[in-house]
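# Residue-level structure breakdown
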Amino acid sequence: MSNIEFLNNAQKGKNTPMSYFMTIVITIIGGSVAAMVFIILLLFLYFLIPGINAQAQIYNIGDNSLLILVLVGLVYALYALLFYLCIRFIHKKNFQTLINTGKTIKWKKIGWGAVLWTIIIGFFTVISLILQGNSFTINFNYTSFIYLLLLSLLVFPLQASFEEIFFRGYLMQGLSLIFKRPVVPLILTTVIFGSIHYFNGTSISNSISIVISAMILGLMLGIIVLGENGLETAIGAHIANNMFVAVVLNSSDSGMGNLPSLITTQSSDPYSGIPLLLLMAVIMLTILFWNRKSDLYRIFQ
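Below is a summary of the structure that appears in this document.

Conventions adopted
Residue positions within a chain follow its written sequence, with the count starting from 1. Owing to the predicted nature of the model, reporting of local features is limited to residues with pLDDT of at least 70; listing and counting of side-chain atom pairs is limited to 80 or more, with chain, interface and lining totals taken over all residues. Only hydrogens and water are set aside when side-chain values are computed; all heavy atoms of the structure are taken into account. Secondary structure elements are taken from DSSP: a helix is a run of H or I of four residues or more, a strand is a run of E of two residues or more, and numbering for both begins at the N terminus. We call a residue buried when its accessible area falls under 20% of the maximum for its residue type, exposed when it is over 50%, and partly exposed in between, using a 1.4 Å probe and counting protein chains only. Throughout, a residue-residue contact means that at least one pair of heavy atoms, one from each residue, lies within 4.5 Å. Calculation of accessible area relied on Shrake-Rupley with a 1.4 Å probe; when residues are assessed, cover is drawn exclusively from the protein chains displayed. Working definition: rings of Phe, Tyr and Trp (its six-membered ring) pair if their centres are within 6.5 Å, and the pair is stacked with planes under 30 degrees apart, edge-to-face with planes over 60 apart, and tilted otherwise. Criterion for a charge above a ring: Arg CZ or Lys NZ at most 6 Å from the ring centre, at most 35 degrees from the ring normal. Residues enter a nonpolar core if they are buried and are Ala, Val, Leu, Ile, Met, Phe, Trp, Tyr or Cys, with the set joined through side-chain atoms within 4.5 Å.

## Observations regarding the overall build of the chain
Counting its regular elements, the chain contains eleven helices and three strands. The helix and strand sequence of the chain, counted from the amino end, reads α-α-α-α-α-β-α-α-α-α-β-β-α-α. Taking all 301 residues of the chain together, the buried fraction comes to 45%. Intrachain contacts of the chain at a sequence separation of at least 6 include 78% that bridge at least 24 residues. Approximately 15,300 Å² of the chain is accessible, and the part contributed by carbon and sulfur atoms is 71%.

What follows is the structure, given as structure tokens:
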């Protein structure tokens, strides 16, 4: 048994190695295949619409960042559906056990996590604009921005919530069945979470910087989850982070650098923002656990 109650939820239900293997395969591979089939069917229907050069439009899909955002939402919706079914019928456990140790979701904590991280990242963005304004470009277009905002409100809460439940809930609990010290599942899920972001970059150095940034964010979120015995604050912070970097401040070097964000930036050094992100993570953890240091200590015991 772990000294963290949230990780002990892994004991509930059916948790054989095959259960985990089937769930991961069905969720990730099955969800991806289902999304591809759905997209192919949509493209086929697109060819049937008269007066549209469908072939030319398909070639330009990669340049349409809003359409890519829609497809991301579709993929994660399928991931979430298949994952939920696997938890209920393969693991035979209550989905709530992946979120916290209680019986209800603490919605206020989701809001608190989102607000706090938005304030922190927003504050340092303003400071950066003041000190390094020449590296930022404001390209506000009302129509495109509204479309981006509405799509982001639909896609990122789903995407971020799924990632938190899958990585910081499902995988971290599952790894705790093997490794009894909480810090080991924390580190392993942080590495896995960061590694899957490698292909978000446009170059090797940019991809590595994104992986490091994702690991810092993932480590912060994992510590929050273990320290609070629940995902809610981490879910809120993750949603706010993805919303902010898509809607407010986007990098032209990212995988979706052509989003009609409010501000775009391009740095000659892809690693320049990493120390700032690390500082923001430390500030976030300090605020959350200022009077609860014992909750942090037990993670590393």
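## Some words on the packing of aromatic side chains
What the rule picks out here adds up to 14 aromatic pairs. Relative to Phe162, the ring of Tyr76 has its centre 5.8 Å away and its plane inclined at 75 degrees; by these criteria the two rings are edge-to-face. Taken as a pair, Tyr76 in helix α4 (residues 65-89) and Phe162 in helix α6 (residues 142-176) lie far apart in primary sequence, 86 residues in all. In this pair, the class of Tyr76 matches that of Phe162, namely buried. Each residue in the set Tyr20, Tyr76, Tyr79, Phe83, Tyr84, Phe95, Phe162, Phe166, Phe167, Tyr170 and Phe193 is aromatic and connected to the rest through ring pairs, giving one cluster. Looking at Arg168, its charged tip hangs above the ring of Phe193, at a distance of 4.2 Å from the centre.

## Some remarks on the side chain of Asn241
In this fold, Asn241 is placed in helix α9 (residues 232-248). When near neighbours in sequence (up to four residues on either side) are disregarded, Asn241 contacts Trp117, Ile121 and Leu217.

## Looking at the nonpolar core
Counting residues in each nonpolar core, the largest one holds 67 residues, and the members touching the most others are Phe83, Trp117, Tyr170, Met220, Ile224 and Met284. No other element matches the twelve residues that α6 contributes to this core. If we ignore the near neighbours within four places in the chain, the residues touching Ile224 are Gly230, Thr233, Ala234, Met284, Leu285, Leu288 and Phe289.

## Considering unusual backbone geometry
Positive phi, normally seen in glycine, also occurs at Lys92, with a value near 55 degrees. Within the secondary structure, Lys92 sits in the loop between α4 and α5 (107-131). Residue classification places Lys92 among the exposed residues on the basis of a relative accessible area of 56%. Positive phi, normally seen in glycine, also occurs at Asn229, with a value near 55 degrees.

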